[in-house]
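Summary of the model geometry
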Amino acid sequence: MSMASEQVTATDRPTSGDGLKYIQVIGLCVIIVAVAMSCNIAFNHRIGIVADLGLVIATVVVSFRVRSADFVATFWAPAISWFIAVITVGQFATNNGGSWKVQQVFLLVYGLGSHFLWILGTTVLAVVIHYFRGRTA
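A brief look at the structure comes next. The shown structure was predicted, so the numbers you read here are calculated from the model rather than taken from an experiment. (Residues numbered from 1 in each chain as written. Predicted model: local features only at pLDDT ≥ 70, side-chain atom pairs only at ≥ 80, totals over all residues. Heavy atoms only, no water.)

Structural notes on the nonpolar core
For clarity, the cut-off: Nine residue types can take part in a nonpolar core, namely buried Ala, Val, Leu, Ile, Met, Phe, Trp, Tyr and Cys, and a core is a set of them joined through side-chain atoms within 4.5 Å. For every residue, the accessible area (1.4 Å probe, protein chains only) is compared with the maximum for its type, and the residue is labelled buried under 20%, exposed over 50%, or partly exposed between those bounds. In this description a helix means any DSSP run of H or I spanning at least four residues, a strand means any run of E spanning at least two, and both kinds are numbered starting from the N terminus.
Formed by 24 residues in total, the largest nonpolar core has its most connected members in Val-25, Val-33, Met-37, Ile-41, Ile-47, Trp-82 and Val-86. Of all the elements in the fold, those that place two or more residues in this core are α2 (22-44), α3 (49-65) and α4 (72-88). Here this core gets 8 residues from one element, more than from any other, and that element is α2.

Encoded structure:
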């Protein structure tokens, strides 16, 4: 048996189906959460429920659209997208008092700490969606 007969060609590989790739999952989730957070900040001048609901919507959308090979991205997407939205769009939330460093620390602690149940809940939701998608496939 020669080495040439044992090589795998592109047509021999199993396809993982159509859907979002890893980086597309993260990117789409970041965009949806950032838009929701910016709408929330534009009307309330702080991070609130609209941003949280945007996180849930983003997680559900990407969880149903992800390729089976890149499902792990949906587990990381809620936390990464929330963090990126907080350090970018979240800067426009009003924050009283203190130096610039104090305001940034408060933004991170408040932005991540007071919404951690939403982040954790959407991560669990992504796991549940993946579990049921795997059972039906």
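Structural notes on the pattern of salt bridges
Short version of the rule: The working definition used for a salt bridge is a side-chain nitrogen of Lys or Arg within 4 Å of a carboxyl oxygen of Asp or Glu.
One pass over the structure, following the stated rule, counts 1 salt bridge. We note a salt bridge from Arg-67 to Asp-70, for which the minimum N-O separation is 2.6 Å. Owing to a relative accessible area of 12%, Asp-70 belongs among the buried residues under this scheme.

Section: α4
Applied cut-off: What a helix should span is 1.5 Å times the count of its residues minus one. What we call the bend at a residue is the angle made by axes fitted to the seven residues finishing there and the seven residues starting there. It only takes one pair of heavy atoms within 4.5 Å for two residues to be counted as in contact.
For α4, spanning 17 residues, the distance from its first C-alpha to its last is 24 Å, which sits close to the expected 24 Å at 1.5 Å a residue. Of all bends in α4, the biggest is about 35°, found at Pro-78. Among the residues making up α4, those that are buried are Ala-73, Thr-74, Ala-77, Pro-78, Ser-81, Trp-82, Ala-85 and Val-86. Buried residues belonging to α4 abut α2, α3, α5 (100-113) and α6 (116-136).

Structural notes on unusual backbone geometry
Even without being glycine, His-45 reaches a positive phi, approximately 65°. With respect to the helices and strands, the residue His-45 is situated in the loop between α2 and α3. With relative accessibility at 45%, the residue His-45 sits in the partly exposed group.

Details of the packing of aromatic side chains
Our working rule: Two rings from Phe, Tyr or Trp (for Trp, the six-membered ring) form a pair when their centres are within 6.5 Å of each other. A pair whose planes differ by under 30 degrees is stacked, one over 60 is edge-to-face, and the rest are tilted.
This model, assessed by the stated rule, comprises 3 aromatic pairs. Ring geometry for Phe-71 against Phe-75: centres 5.6 Å apart, planes inclined by 75°, an arrangement best described as edge-to-face. Seen from their ring centres, Tyr-131 and Phe-132 are 5.3 Å apart, and the 70° between their planes marks the pair as edge-to-face. What makes Tyr-131 partly exposed here is its relative accessible area of 47%.

Observations concerning α2
Helix length check: α2, at 23 residues, gives a terminal C-alpha distance of 33 Å against a target of 33 Å (1.5 Å per residue), a fit within 8%. Looking only at α2, the buried set comprises Val-25, Ile-26, Cys-29, Val-30, Val-33, Ala-34, Ala-36, Met-37, Asn-40 and Ile-41. Buried residues in α2 make contact with α3 and α4. Positive phi shows up at His-45, right after α2, with a value of about 65°.

Just distances and angles here, no functional claims.
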